[in-house]
Amino acid sequence: IEDLAHRMLDTVTRFCLAVPRGRRRSGDLKEIEYLTLSLLHEQEVMIVGEIQRRLGVLPAQMSRIIRALETREQPFIACRINALDKRKIDVMATEQGRAAFRDYQALRVRTIAGMLRKLDEADRDDIARLTARLQAVMDKSSRV
């Protein structure tokens, strides 16, 4: 199992590195910012603490992520005090944030699709089936 886990991690890492990088332009999303927008894509509104917990980052790092997404010329997120608990902050993606998420995702999807096209149909079917099963396991474990 550990060997398979290592190979899967290596594959995921190589997928991430396969996207042409070059120098990051000012305004480009960092990986952690994309992951934050990805969480907000799944749930329209989240409390800062829940985002922090899901990302596994420290409070100071979460503050920097929020600030980076919120203080852009066209903010990618908006924050407001939670109506039920004034100690908590609700976060939601703006239209610009949703567009940045889609753009970032599209580039990576195109890269992965290019790799998948090099496989025959049976291999792609196997990957589709196993990916669906793995996602189901992850969904089940995230509810526990």
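Report follows, based on the coordinates. Fair warning: this is a prediction, and the values are worked out from it, not measured in the lab.

Over its 22 residues, helix H5 (residues 95–116) extends 31 Å from the first C-alpha to the last, a length consistent with the 32 Å expected when each residue adds 1.5 Å. Those residues of H5 that fall on the buried side of the exposure criterion are Gly97, Ala100, Phe101, Tyr104, Arg108 and Thr111. With its buried residues spanning 100 degrees around the axis, H5 presents them on a single face. In H5, those exposed residues whose orientation departs by more than 90 degrees from the buried face are Asp103 and Arg110. The secondary structure elements touched by the buried residues of H5 are helix H1 (2–18) and helix H2 (31–42).

This next bit is on the sheet that holds strand E2 (residues 77–81). Within the open sheet, the three strands sit side by side as E1-E3-E2. Their pairing is antiparallel. If you trace the sheet from one side to the other, it starts and ends with strand E1 (45–47) and E2, each paired once. Neighbour-to-neighbour, the strand axes of the sheet open up by a mean angle of 30 degrees, direction not taken into account. In this fold helix H4 (residues 59–70) packs onto E2 and strand E3 (89–93), with an angle of close to 120 degrees to the strand it touches most, E2.

As a further point, take the environment of Val45. Inspection of the secondary structure assignment puts Val45 in strand E1. Once the C-alpha coordinates of Val45 and Arg108 are considered, the two residues, 63 residues apart in sequence, prove to be 25 Å apart. Aside from chain neighbours lying at most four places away, what touches Val45 is Arg80, Asp90, Val91 and Met92.

Turning our eyes to something else, we now look at the nonpolar core. Leu29, Leu37 and Ile51 are the most contacted members of the largest nonpolar core, which has 20 residues in total. Those elements that provide at least two residues to this core are H2, helix H3 (48–55), H4, E3 and H5.

Bringing the pairing of E3 into the picture now. Counting buried residues along E3, four of its five residues qualify, which places the element largely inside the surrounding structure. Note that E1 and E3 share three bridges and pair antiparallel. Note that in E3 the partner of Val45 across the bridge is Met92. Inspection of the sheet shows E2 paired to E3 by five bridges, in the antiparallel sense.

Now for a nonpolar patch on the surface. Residues Leu4, Met8, Leu134, Val137 and Met138 make up a contiguous nonpolar surface patch of about 450 Å² in total accessible area. Examining the composition of the nonpolar patch, we find that three residues originate from one element, helix H6 (residues 121–142), more than from any other. Position of Leu134 among the secondary structure elements: in helix H6. A relative accessible area of 38% means that Leu134 is categorised as partly exposed.

Viewed as axis vectors pointing N to C, H2 and H5 meet at an angle of 115 degrees, and their least axial separation amounts to 10 Å. In terms of axis orientation, H2 runs roughly perpendicular to H5. The hand of the H2/H5 crossing is left-handed. On H5, the residues that touch Glu31, Tyr34, Leu37, Ser38 and His41 of H2 are Gly97, Ala100, Phe101, Tyr104 and Gln105. Across the contact of H2 with H5, the residue classes break down as five nonpolar, four polar and one charged.

What counts, and at which threshold
- Residues numbered from 1 in each chain as written.
- Predicted model: local features only at pLDDT ≥ 70, side-chain atom pairs only at ≥ 80, totals over all residues.
- Heavy atoms only, no water.
- Helix = DSSP H or I, 4+ residues; strand = E, 2+ residues; numbered from the N terminus.
- Expected span 1.5 Å × (residues − 1).
- Buried < 20%, exposed > 50% of the residue type's maximum accessible area, 1.4 Å probe, protein only.
- Arc of directions from axis to C-beta.
- Contact = heavy atoms within 4.5 Å.
- Pairing = 2+ DSSP bridges.
- Axes fitted to C-alpha atoms, helices over the stretch in contact; angles between N-to-C directions.
- Core = buried A, V, L, I, M, F, W, Y, C linked by side-chain atoms within 4.5 Å.
- Patch = residues over 30% accessible without salt bridge, like charges linked within 9 Å, V, L, I, M, F, W, Y side chains within 5 Å.
- Areas by Shrake-Rupley, 256 points an atom, 1.4 Å probe, with all protein chains shown as cover.
- Salt bridge = Lys/Arg side-chain N within 4 Å of Asp/Glu carboxyl O.
- Parallel < 35°, antiparallel > 145°, perpendicular 65-115°, else oblique.
- Left-handed = near helix turned anticlockwise from the far one by under 90°.
- Nonpolar A, V, L, I, M, F, W, Y, C, P; charged D, E, K, R; others polar.

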